[in-house]
Amino acid sequence: MIVALPVALWFLCAFVLRTRPRAGIGWLLTLTGIPMLGLVTWQAGPLWGFVAMAVALTLLRTPFRTVRARARRAVE
């Protein structure tokens, strides 16, 4: 499975960077994660693609939630 190393690095970066919630980091991880999700689905099948998507969503949920809360406070 050729795609395992880049995907593992992406998950590691997402896990480490989720403690520093910034919109730019979240968007960068999202834009780089979409092609990797396609590669996982293509190489390993739809079940593993769904598993990778579920893990990625749990890792990316925290930064976007924090950025959204900061934006709401700025508007108020």
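Per-chain numbering applies: the sequence of each chain, read as written, is numbered from 1 onward. Given that the model is predicted, a residue must reach a pLDDT of at least 70 before its local features are reported, and side-chain atom pairs must reach 80 or more before they are shown or counted; all residues, however, enter totals for whole chains, interfaces and linings. With hydrogens and water excluded, all non-hydrogen atoms of the structure serve as input to the side-chain values.

Asker: Mind showing me how you'd approach the packing of aromatic side chains here?
Answerer: How two aromatic rings sit relative to each other is set out by the distance from centre to centre and by the angle between their planes. Only rings of Phe, Tyr and Trp enter the pairing, Trp through its six-membered ring, and a pair is recorded when the two centres are within 6.5 Å. The plane angle decides the type: under 30 degrees is stacked, over 60 is edge-to-face, the rest tilted. Scanning all chains against the criterion turns up 1 aromatic pair. Ring geometry for tryptophan 10 and phenylalanine 11: centres 5.4 Å apart, planes at 75°, overall edge-to-face. Overall, the relative accessible area of 8% leaves tryptophan 10 in the buried class. Buried, partly exposed and exposed residues are distinguished by accessible area as a fraction of the type maximum, computed with a 1.4 Å probe on protein chains only: under 20%, between the cut-offs, and over 50%, respectively.

Asker: In this structure, what is going on with the nonpolar core? I would like to understand it.
Answerer: For soluble globular proteins, nonpolar side chains are generally found buried alongside one another. Here, nonpolar core means buried Ala, Val, Leu, Ile, Met, Phe, Trp, Tyr and Cys residues that are tied together by side-chain atoms lying within 4.5 Å of each other. Listed in full, the 6 residues of the largest apolar core are Trp10, Ala14, Leu29, Ala56, Leu59 and Leu60. At the level of secondary structure, the elements contributing two or more residues to this core comprise helix H1 (4–17) and helix H3 (46–75). When residues in this core are grouped by element, the largest group, 3 residues, is from H3. In this view, leucine 60 contacts Trp10, Leu29 and Thr30; residues no more than four positions away in its chain are not counted. Per the convention used, a helix needs a DSSP run of H or I reaching at least four residues, while a strand needs a run of E reaching at least two, with both numbered from the N terminus. Contacts are assigned to residue pairs with any non-hydrogen atoms lying within 4.5 Å of each other.

Asker: Where do I start with H1 in this structure?
Answerer: Since there are 3.6 residues in each turn of an α-helix, residues three or four apart along the chain are aligned in direction. A helix is expected to span 1.5 Å for every residue after the first. Between its first and last C-alpha, H1 extends 20 Å over 14 residues, near the 20 Å set by a 1.5 Å rise per residue. Val7, Trp10 and Ala14 are the residues of H1 that are buried. An end-on view of H1 places all buried positions within 60° of arc, on one side of the element. Exposed and oriented more than 90 degrees from the buried face of H1 are Leu5 and Leu12. Arc definition: directions from the helix axis to the C-beta atoms.

Asker: Help me understand the environment of alanine 56, please; the structure alone is not making it clear to me.
Answerer: Mapped onto the elements, alanine 56 comes out in helix H3. Along the primary structure alanine 56 and tryptophan 10 are separated by 46 residues, whereas in three dimensions their C-alpha atoms are 9.2 Å apart. With residues near it in sequence (within four places) discarded, alanine 56 still touches Trp10 and Phe11.

Asker: In this structure, what is going on with the environment of valine 16? I would like to understand it.
Answerer: Residue placement: valine 16 occurs in helix H1. You can call valine 16 partly exposed: its relative accessible area is 40%. Considering only alpha carbons, one finds valine 16 and leucine 59, 43 residues apart in sequence, at a separation of 9.6 Å.

Asker: Would you mind going over the environment of valine 55 with me for this structure?
Answerer: With respect to the helices, strands and loops of the structure, valine 55 is situated in helix H3. You can call valine 55 partly exposed: its relative accessible area is 36%. Sequence-wise, valine 55 and phenylalanine 11 are 44 residues apart; in three dimensions their C-alpha atoms are separated by 8.4 Å.

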